[in-house]
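Observations on chain architecture
This is what each chain is made of:
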Amino acid sequence: MKLYNTKTRQVEEFKPEKEGVVTMYACGPTVYDYTHIGHMRKYIGDDILRRTLSYIGYEVRHVMNITDVGHLTNDSDEGDDKFENKAKLEGKSVWDIATLYTDYFHESMTAANVLPPNVAEAKATDHISQMIDMVEKLLAKGHAYETASAIYFDTSTFPQYGSLSGQSLSEKELGAREDVVVDEDKKNPADFVLWFKRVGRFSNHTMHWPSPWGEGFPGWHIECSAMSMHYLGETIDIHTGGIDHIPVHHENEIAQSVCTTGHEFVKYWVHHAFLNVDGEKMSKSKNNFYTISDIEGHNINPLAMRVFALQTSYRKPINFTWDVLSSAQTQLKKLQMFASKKELGGKIIEKYNTDFVEALSDDLNTAKALAIVWEMVHSNEIRADKYITLLEFDKVLGLKLSEVPEFKITKEVKILLEKMSLAREQKDYGTSDKIREELEKLGYKVEQTSLGINLSPIL
Ligand code: AMP
Ligand code: ZN
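Since the structure is predicted, the reported quantities are computational estimates derived from the model, not experimental observations. Residue numbers run consecutively from 1 along every chain, following the written order of its sequence. Key to labels: chains lettered from A, ligands numbered from 1, both in the order written. Note on the predicted model: pLDDT of at least 70 is required for a residue's local features to be given, and 80 or more for side-chain atom pairs to be given and counted; whole-chain, interface and lining totals, by contrast, use all residues. Side-chain metrics in this entry use all non-hydrogen atoms of the structure; hydrogen atoms and water are not considered.

1. Examining the overall build of the chain
Looking only at helices and strands, one finds 15 helices and 18 strands in the chain. The dimensions of the chain, computed from C-alpha atoms along their principal axes, are 90 × 50 × 35 Å. In this scheme, a residue with accessible area under 20% of its type's maximum is buried, one over 50% is exposed, and one in between is partly exposed, where area comes from a 1.4 Å probe on protein chains only. Expressed as a percentage of the 459 residues in the chain, the buried residues total 54%. For the chain, contacts bridging at least 24 residues in sequence account for 74% of all contacts bridging at least 6. Only the protein chains shown count as cover for residues, and the accessible areas themselves come from Shrake-Rupley with a 1.4 Å probe. Only carbon and sulfur atoms are counted for the fraction: they give 50% of the accessible area of the chain, which is about 20,500 Å². Counting 52 positive and 68 negative side-chain charges, the chain places the averaged centre of each group 7 Å from the other. Under the scheme used here, helices are H or I runs from DSSP no shorter than 4 residues and strands are E runs no shorter than 2 residues, and both carry numbers assigned from the N terminus. Contacts are residue-level and defined by heavy atoms, with any inter-residue pair within 4.5 Å sufficient. Charge assignment: positive for Lys and Arg, negative for Asp and Glu; neither His nor the chain ends contribute. Here the site of a charge means NZ on Lys, CZ on Arg, CG on Asp, or CD on Glu.

Okay, here's the thing in structure tokens:
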């Protein structure tokens, strides 16, 4: 398996720390608003990675966090708290906001058949003690300092800071925002918050916990390091996120983790490119987003999002349009149609399976893998073998093809078909249309072909 590693900016041979087992931590959603299909691209991407690793024989240990505290409107710990803002806006408690949007996230993931993490879906608010432990270690080792309002990580104690994004500390400092209120006691502009004290602008902050530094709440970045180590150990194989996380969130995770343990935090950093609308990132803040409910409202099966995502490399941006999503749905329907005629006794066609694995092993070349699926389906191989091979591929594709209902033409349907043929012969199109509607209600798509009436399942 070859994977692009953001750390080295190269496609590398993937070799996990422990043979046969992959530890994988995925940065999860900040649950203060609806999950949109931009997020879905990222989580479908993680899912394809995980399914591929399992397919080629690894045991994958997958953890994802749910950020329900500490994320400010600016990723560099400036601005307001996203949850407090939203709670005010909706007249709900911050806890209710987190529950509401976590549920929506789960619904979206289930609809897109994204496998839930198999080790833990870790809520930040359930792991405050692990975060406090880590902050204490960083303070004890001289990598953190306390001000009147917060505990900061001292970036000047970690010379490699910025290596993931290839930005030096001085470049970062130049880029730091001048327009927001900054803690005057902060030593370096790139220093980031490990723990916010419940003072000053946060003196009424709803979520707060006791700590050695008084009541407060964790900064956003510390949760991923603390929970990743808690569940998967001090060095993990893969950490994923969207490309927006590279310059701040992931730099910060590396700095605090390496300074806590004294050794490597992540072997392979995997970053997903954006799903854009009209060339701009789909995002909550730009209000240019669509959700799973919008997809269903357009009569599109959410599984079509998977085909849509598979068509492009996870490292390339995708421009979202309804037309492209509909054509992905057409592809999905064709595969479902193929799978609805179930077969027994087939065997996996090794030639195609080898090509499929080879494409995926090449830094997840999903577009090529999808082309191989079609080549196999259209080939002259025995249908039962093609059927079983398709179901095998679906372990990675995740299109639920084994759950497609069996395509059957019942006696009742045969009678209706005969009546329809007769009506058409007599040019009685009114009756013919009525029968068509009746058949559609029963789940059959009726098409008039040169060979007569063709029936297929409506899926
Ligand atoms: P958030 O809830 O904003 O923290 O985002 C959760 C994850 O979704 C992060 O890894 C983001 O990078 C990713 N993400 C957010 N918007 C998009 C988008 N438009 N396209 C792809 N990934 C995104
Ligand atoms: Zn994270």
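There's more to say after this.
2. Points about the site of ligand 1
Near ligand 1 lie 18 residues; those nearest to it are Thr30, Gly242, Asp244, Leu275 and Met282. Side-chain polar atom of lysine 284 to an oxygen atom of ligand 1: 3.4 Å apart, as the coordinates give it. Relative to its unbound accessible area of 480 Å², ligand 1 is 95% covered by the protein chains. Counting residues per element, the ones that place at least two in the shell around ligand 1 are helix H1 (37–55) and strand E12 (236–242). Per-element tally for the shell around ligand 1: the top contributor is H1, with four residues. For the domain bounds, the source is a domain assignment made automatically or taken from a database. For the shell around ligand 1, the domains that each give at least three residues are domain 1 (2–272) and domain 2 (276–403). Put simply, a residue is near a molecule or strand once any heavy atom of it comes within 4 Å of that molecule or strand. Side-chain atoms alone can form a polar contact between residues adjacent in sequence; in general such a contact is a pair of N or O atoms within 3.5 Å, and within protein one must be able to donate a hydrogen while the other accepts it.

3. Quick look at the sheet that holds strand E4 (residues 59–66)
What makes two strands pair is DSSP finding at least two bridges between them. Pairing is parallel in the open sheet, where five strands are placed in the order E7-E4-E3-E12-E13. In this open sheet, the two strands that pair with only one neighbour each are strand E7 (120–123) and strand E13 (266–272). Across the sheet, the mean angle separating the axes of adjacent strands is 20 degrees when strand polarity is ignored. In terms of strand pairing, E4 meets E7 through four bridges, oriented parallel. When the sheet's bridge partners are listed, methionine 64 is paired in E7 with glutamate 121. Lines fitted to C-alpha atoms define the axes, with helix axes restricted to the stretch in contact, and inter-axis angles between N-to-C directions lie between 0 and 180 degrees. In this fold H1 packs onto strand E3 (21–26), E4, E12 and E13, with an angle of close to 155 degrees to the strand it touches most, E12.

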